[in-house]
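Chain residues, written in single-letter form:
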Amino acid sequence: MTERAHAEGHAGERADKDAGVWSGSWVAERLGVGLNGDEALTGLLGLALRRNPKRAHLLVSNVLGKHVPQSPAVVYGHGVALGRRVRDLLGAEEAARAVVLGYAETATGLGHCVADGLGPAPYLHSTRRPVAGVARAGGFEESHSHATSHLLLPEDPALLAKDGPLVLVDDEFSTGNTVLNTVRALHERYPRKRYVVVALVDMRSPADAGRLDDFAREIGARVDLVTTASGTVRLPPGVLEKGQELVARHEATATGPTATEPTATEPTATEPTATEPTATGPTGPAPAAAPAGSVERVRLRWPHDVPDGGRHGFTAAHRARLEAALPAMAARIAEALPTGARRVLVLGFEELMYAPLRLAHALEQTVGGDVDVRYSTTTRSPVLAVDDPGYAIRTRLVFPAHDDPADGPGERYAYNVAGGGFDAVVAVVDSAADTPALHAPDGLPARLAAHVPHVLLAVVPSYVPRPPHDTERPSMLPEPLRGPDFSSYAPDEVGWLLQDLSDVTLEAPTEEREEAIQRGGAHYAESLPVEYQPSEQYQDLFHAALETSAARLARAVGAVTEIVLAERSPRPVLVSLARAGTPVGVLMRRWAQFRHGLDLPHYAVSIVRGRGIDANALRWLADHHDPADVVFVDGWTGKGAITRELAAALREFEATDGITGFDPEIAVLADPGSCVRTYGTRDDFLIPSACLNSTVSGLISRTVLRADLVGPHDFHGAKFYRELADADLSPDFLDAVCARFPDVTDTVDAQAKDLLSADRTPTWEGWAAVERISEEYGIHDVNLVKPGVGETTRVMLRRVPWKVLARAGAGADLDHVRLLAEQRGVPVEEVADLPYTCVGLIHPQYTRGATGADGKAVTL
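On a predicted model such as this, the values are computed, not experimentally measured, just so you know.

Caption draft 1: Broad picture of the sheet that holds strand 19 (residues 454–460). The strand order 13-19-18-14-15 describes an open sheet built from five strands, whose pairing is parallel. Two strands close off the open sheet at either side, each with one partner strand: strand 13 (294–297) and strand 15 (372–378). On average, each strand axis in the sheet is inclined to that of its neighbour by 20°, with strand direction left out of account. Taken together, the seven bridges between strand 14 (residues 343–349) and strand 15 define a ladder with parallel strand orientation. Bridging from a neighbouring strand, Phe 349 pairs with Thr 378 of strand 15. In the packing of helix 13 (residues 354–367) onto the sheet, the strands contacted are strand 14, strand 15 and strand 18 (424–430), and the crossing angle to strand 15 comes to about 170°.

If you want it as structure tokens, here you go:
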């Protein structure tokens, strides 16, 4: 048995041995801190030490679901019970007029549960995440916290302006300062007659106990307090200094910063964290070793009209729709759990507490007594971990922030997960936090996988309110263009969400385009290169490459399609990124027909680096399909620029339109840059469709985005080169690959099975290589470095190439690149340690007198 299996497999035995030990005794014995009050107090609370200069101790709730994994029924039950007591206190009429406000981050879920117990009351929680385009309705400070600024961002500005009771919910009522700051700020702006303060525990000192009544008299309002238990914290003189000294001593005696803190009583296995000097990449430091467990996605199919929480408000109607959807989402999680799992943790994410809690509660009801389901969340709060039964925080996992927080990057924590004996963890994040940083080698899933055999990642779409003065748009967008009127593909193969600009002259000589682009006078999407017409020798090379690689392509098409069907949606809507993604989307659609009898919808949309994806195309898709079913498709990844562009564009689209559910992860045939999770292969090989332009892509040009041609209510544009019909190889390419489908079926099944069970976490090694090459060759612009066979081919066909770097020993995959380089007078330089088969370098200081490597213009 491995050390990890031994340690975590006996967590149940350790729990039995630890039963009856108060989880605050370790701190009490060393600092003299104690709890006085209700008999239930020590069952509700443990103690730990903060890594915070403002307060030494931390009251750790056993029923909140933040630091201590707990049964979701227990967590939900405590919040709902408090809400019902508030309802009884207010009476039915006043309860119907109430608004509930919870505190970020710890009480966002608790406040939601109180609102559920109260009845029809709308709910809002404060947030530390600013949202572009959403106006503040207020804010306040939390004086003792490690992160103080709270924002109030309701979608409906009138939510806080109503004169009914305001119910304020926090996990503990310790000094009253936070509540006083909140009420003072809100009462000046939205005065009302009644407030109710709700907390799991009231731990005010005698000196603080009277302040709330005094404040109520000062503002002329009634303030009630509802808690589960009450008491006081006994703090001896000098406890802050002693606590800081104790924290420093324990951290100094450790072997270094660790992802799982060293124990006070016995050694534990440790691993490096982001604070240790490690090899860095574009998404942060890499861990010392690959994760041991598997990481897979589970598709929730979250109802697209339900917010992910109360950051912008959550109504009774939202609650009803969520209740209706929960059983099906829980069933999907249960189905994704590994066979034989007996102990499962649903792990929420900072302020995202309620959605994971309700999913965990529904899962608990779905699996019954066969599985022990627990719930907790990650946190921003730094706490010392000590592996002792008398201490509330036994272990600590450290990982970098991954949601682009307003206060900048920093450490985040998951407590009491490592060593918890979990067979699986379901990590639930919102889509704003589903970033490359999350999937980095030191991200949360990788940290969890180092301690838990199976990690499932579930993403809830982040709700962003529609701007209040949204520009009016046409009620209907045009239907997609289809062949044979637009493209040489059959009408059912693909619908183009584009406008036809075939009658507009857009082509410019390559040299003129390059000079304008590099001088900043034009964007590459404002014109088109003159279509390169291959020589007879080059066409022969294309046919030879297609013959050689058709089976390999068929395997990659089959594998990526099977992964999409297994992980993304049983009936996905394929949306190709025009134009390189379009042939791949057609092939994936054909595989789904061949292997499963599915007739999948397929569209092509425009995405432009630096300008984003066509928002009108997204609106059309959202009107006609569930965004959660949309799978974006491209041919291959280079350094990952389009991957990042799509993620950023979808975040912006959510902010402007309030439409959520689109998944930014692209499905590609080849992922040599290790930028995505959904791919057929990570080999950098020749995809013959990269060898040509429109004549292998349905005779459609690159997409065009120019203000005088594309208005705010138009799709991006493209041209249909009907005049090139005699040279069209699009059907040949598709048919050659599809002809190999029957031969590769068994291989695809095995390949897809291996990929589905593999760790496919992106490493972004390609981006790191591009940055290195950019500096080594004095280019200082990653946009001029085009890695991979496909991108290098594009450089040779459309841009002004400077050099080609070829991996030493690269074979036939580079024959066409070598031929193009010879025709254009571009040197090919062999490099021993290149992670790609080749890399194309665009001339970094181009003028029309410096086309080739020798500074002479070259004609095609």
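Caption draft 2: A look at the side chain of Glu 645. Turning to its location among the elements, Glu 645 is positioned in helix 19 (residues 641–657). If we ignore the near neighbours within four places in the chain, the residues touching Glu 645 are Ile 607, Val 608, Arg 609, Gly 610, Arg 611 and Gly 612.

Caption draft 3: Just the side chain of Glu 172, in detail. Positionally, Glu 172 belongs in strand 8 (residues 166–173). Excluding residues within four positions of it along the chain, Glu 172 makes contact with Arg 55, Leu 59, Ala 199 and Val 201.

Caption draft 4: Geometry of the packing of helix 8 (residues 177–189) against helix 10 (residues 211–219). For the pair helix 8 and helix 10, interaxial distance at closest approach is 11 Å and the crossing angle is 5°. When the interaxial angle is binned, helix 8 and helix 10 end up roughly parallel. Here Asn 177, Val 179, Leu 180, Val 183, Arg 184 and His 187 of helix 8 come into contact with helix 10, specifically with Arg 211, Leu 212, Phe 215, Glu 218 and Ile 219. Grouping the amino acids of the contact of helix 8 with helix 10 by side-chain chemistry returns six nonpolar, two polar and three charged.

Caption draft 5: Structural view of the nonpolar core. Of all hydrophobic cores here, the largest spans 137 residues; its most connected members are Leu 49, Leu 118, Val 167, Val 198, Tyr 391, Val 426 and Leu 448. It is helix 13 that contributes the most residues to this core, eight residues altogether. In this structure, Val 198 is in contact with Leu 82, Val 86, Val 114, Val 167, Leu 168, Val 169, Asp 170 and Val 226, ignoring residues within four places of it in sequence. The next biggest cluster of nonpolar side chains, apart from the first, holds 73 residues, and it includes Trp 496, Ala 580, Leu 669 and Phe 685.

Quick notes on the rules
- Throughout, residues of each chain are indexed from 1 in the direction in which the sequence is written.
- With the structure being a predicted model, the display of local features is reserved for residues of pLDDT at least 70 and the display and counting of side-chain atom pairs for 80 or more, all residues being used for whole-chain, interface and lining totals.
- Excluded from the side-chain calculations are hydrogens and water; all other atoms, namely the structure's heavy atoms, are used.
- Any two strands with at least two DSSP-identified bridges between them are counted as paired.
- Labels follow the DSSP assignment, with helices taken as runs of H or I lasting at least four residues and strands as runs of E lasting at least two, numbered in each case from the N terminus.
- Fitting a line to C-alpha atoms yields each axis, with helices limited to the stretch in contact; the angle taken between N-to-C directions then spans 0 to 180 degrees.
- Any two residues having at least one pair of non-hydrogen atoms within 4.5 Å are treated as being in contact.
- Angle categories are assigned with fixed cut-offs, so that under 35 degrees is roughly parallel, over 145 is roughly antiparallel, 65 to 115 is roughly perpendicular, and the rest are oblique.
- For this classification, the nonpolar set comprises Ala, Val, Leu, Ile, Met, Phe, Trp, Tyr, Cys and Pro, the charged set comprises Asp, Glu, Lys and Arg, and every other residue, Gly included, is treated as polar.
- Working definition of a nonpolar core: buried Ala, Val, Leu, Ile, Met, Phe, Trp, Tyr and Cys residues. They are joined through side-chain atoms within 4.5 Å.
- Three exposure classes are used, based on accessible area relative to the maximum for each residue type with a 1.4 Å probe and protein chains only: buried under 20%, partly exposed in between, and exposed over 50%.

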